[in-house]
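# An overview of the molecular structure
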Amino acid sequence: MKQLPDDFILGAATAAYQAEGATQEDGKGRVAWDTYLVKEGKYSGDPASDFYHKYPIDLELSEKFGIKGIRVSIAWSRIFPKGYGEVNEAGVQFYHKLIDECHKHHVEPYVTLHHFDTPEFLFDQGDFLNRDTINYFVDFAKFCFKEYGNKVKYWITFNEILSVSAGQYLLGKFPPNERFETGKMVQSMHNMMVAHARTVLAFKELKLNSEIGIIHILEQRYPYRLDNDADKIAAQKDDTMANKFLLDLTFKGNLAADTKRIVNQILQENNDSYIIYDGDIDELSEAAKLIDFLGVNYYQSTFVKEYRGENNINLNGTGEKGTSIYALKGIGEYKFDMDIPRTDWDWLIYPKGLYDMIMRIVKDYPNYKKIYITENGMGYKDNIENDEIDDQPRIDYVKEHLKAICDAIHKGANVKGYFLWSLMDVFSWANGYNKRYGLFYVDFETQQRYPKKSAYWYKKVAETRKVC
Ligand code: BGP
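In this text the structure is predicted, and so the values were computed from the model without any measurement.

Cut-off values and rules
Residues numbered from 1 in each chain as written. Predicted model: local features only at pLDDT ≥ 70, side-chain atom pairs only at ≥ 80, totals over all residues. Heavy atoms only, no water. Helix = DSSP H or I, 4+ residues; strand = E, 2+ residues; numbered from the N terminus. Contact = heavy atoms within 4.5 Å. Polar contact = N/O pair within 3.5 Å; in protein donor to acceptor, adjacent residues only side chain to side chain. Core = buried A, V, L, I, M, F, W, Y, C linked by side-chain atoms within 4.5 Å. Buried < 20%, exposed > 50% of the residue type's maximum accessible area, 1.4 Å probe, protein only. Phe/Tyr/Trp six-rings, centres within 6.5 Å; stacked < 30°, edge-to-face > 60°. Pairing = 2+ DSSP bridges. Near = heavy atom within 4 Å. Areas by Shrake-Rupley, 256 points an atom, 1.4 Å probe, with all protein chains shown as cover.

Let's shift gears to the side chain of Asp58. Assignment of secondary structure puts Asp58 in helix 3 (residues 51-64). Other than its neighbours up to four places away in sequence, Asp58 contacts Phe51, Leu423, Met424 and Arg449.

Shown next, in the form of structure tokens:
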């Protein structure tokens, strides 16, 4: 039997742009997504799950279903429509009401300051490639600490720096839709890490009675052929870019020699480079000592084969199984033909990868204080029949990952909570509305919520602490 500790938080996650809708309401400033999605013509950030108006219902449901923590993010452009300067009071009040509602329902809010949604005004000036954005972000964070500091216990600087930088400059998946700009990708990751570090330092100066952390998407890279040296190198290169670069900066404040060597090698192979500015490493090193927790988002692991060809990527954004292609020059190629189940979006379901990742953090970064699994879940095309949703594959997915967490805790890892992605069905950045993750099904036309079979199962786990 696998049992979760009594003080382990079982929660669920949301993000402002994916849940709130109301993108142009009450003085909210535009974000790049507003323009990009219209241009693409496929999906819209409205209505999303209309969380902007429906949050009391979602929090009531959370309480009813035993959920003790919720990840929410503050949309920077609701507070500062341009990213700095004039404050939008309606936005400030919205997050007061949201946080108060969380407490009313005994659901602890874990608040993220950046979840893919830089205000468009700053985005158009280079987003985090422009170092001014770092200062504006820190000012926004300080404003939030002062405004909500007495009622938020857990703060998160950034959600998934890798996804932002790779989505924007490597994969052409996020605005501005650029591809294979490795130098820009690394520069933007580095600059966001500096913004994170400065935010941590500013937070600690305020001596609030609360904690601060960062969330990374951390997914293991394994060699496709276990004994093949070229595949081992390919997996190591991809892992360094995706995981080690950010973990080193988070916990060491600098890149380990091996990380530096591999990142420079990849940049050289792409005729690219990036700049580390004076003082960056000092700030990163200081913040590395002070950070209170790490959030791990984990969905899948990847198996990498050596690759000598040109860049070739096809993102499966429709749920047509078998359409993913991911091959990067100078790094490697992802393979999908192992005996491992995968979702319709070609995400390999591999709970052992989560166990391995947690244990690796424990071993390689012994100064980590605690870990939360801040996102994990299964994108699925849920069907609703007679107001009921049978999402057994999602239950199986979550159960196996919770078992992996129990095993890691048993081996001594300090994992303190799990946030299922997502609380209710939300808008998916690159996949729109048919890739559902929620415990609560959302009819996006009526905005009615329906608990899925997984919600009843999750409630039982929350009550009994027994995973199986
Ligand atoms: C993470 C993001 C979330 C969410 C999730 C699912 O990377 O932090 O915002 O979108 O992935 O991804 P997707 O919607 O692309 O399936």
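Note on placement: Gln125 falls in the loop between helix 6 (120-123) and helix 7 (131-148). A polar contact is formed between the side chain of Gln125 and the backbone oxygen of Phe121, at a distance of 3.1 Å.

Turning to the nonpolar core, a few remarks are in order. In terms of nonpolar packing, the biggest core is built from 158 residues, with Tyr148, Trp155, Leu402 and Tyr418 touching the most fellow members. For this core, the leading source of residues is helix 9 (residues 182-205), giving 11 residues.

Bringing the packing of aromatic side chains into the picture now. Taken as a whole, this structure holds 47 aromatic pairs when the rule is applied. When the ring of Phe80 is compared with that of Phe143, the centres are 5.3 Å apart and the planes differ by 70°; the resulting orientation is edge-to-face. Of this pair, Phe80 sits in the loop between helix 4 (76-79) and helix 5 (89-104) while Phe143 sits in helix 7, placing them 63 residues apart in sequence. The class for Phe80 is buried, based on a relative accessible area of 8%. Ring geometry for Tyr110 against Phe419: centres 4.7 Å apart, planes inclined by 65°, an arrangement best described as edge-to-face. One end of the pair, Tyr110, is in strand 3 (residues 108-114); the other, Phe419, is in strand 13 (residues 415-421), and 309 residues separate them in sequence.

Looking at the element boundaries, Asn191 is found in helix 9. Those residues in contact with Asn191, other than ones at most four positions away along the chain, are Phe128, Leu129, Arg131 and Ile134.

In this section: the pairing of strand 8 (residues 302-305). Inspection of the sheet shows strand 6 (residues 221-223) paired to strand 8 by three bridges, in the parallel sense. Looking at the pairing, Pro223 lines up with Val304 of strand 8. Bridging between strand 8 and strand 11 (residues 332-335) involves three bridges; their strand directions are antiparallel. Paired with Phe303 across the bridge in strand 11 is Lys335.

Close to the ligand lie 15 residues, the nearest being Gln18, Glu160, Ser428, Lys435 and Tyr437. Within the side chain of Ser428, a nitrogen or oxygen atom sits 2.5 Å from an oxygen atom of the ligand. For the ligand, an oxygen atom lies 2.7 Å from a polar atom in the side chain of Lys435. In the complex, 93% of the free accessible area of the ligand, which totals 380 Å², lies under the protein chains.

On to unusual backbone geometry. The residue after Asp46, namely Pro47, is reached through a cis peptide bond having omega 5°. By secondary structure assignment, the location of Pro47 is in the loop between helix 2 (32-40) and helix 3. That bond from Pro175 to Pro176 is cis: its omega, 10°, falls within 30 degrees of zero. Within the element layout of this structure, Pro176 appears in the loop between helix 8 (161-169) and helix 9. Positive phi, close to 45°, is recorded for Ala48, a residue that is not glycine. Relative to the elements of secondary structure, Ala48 occurs in the loop between helix 2 and helix 3. Even without being glycine, His106 reaches a positive phi, approximately 60°. On the secondary structure map, His106 appears in the loop between helix 5 and strand 3.

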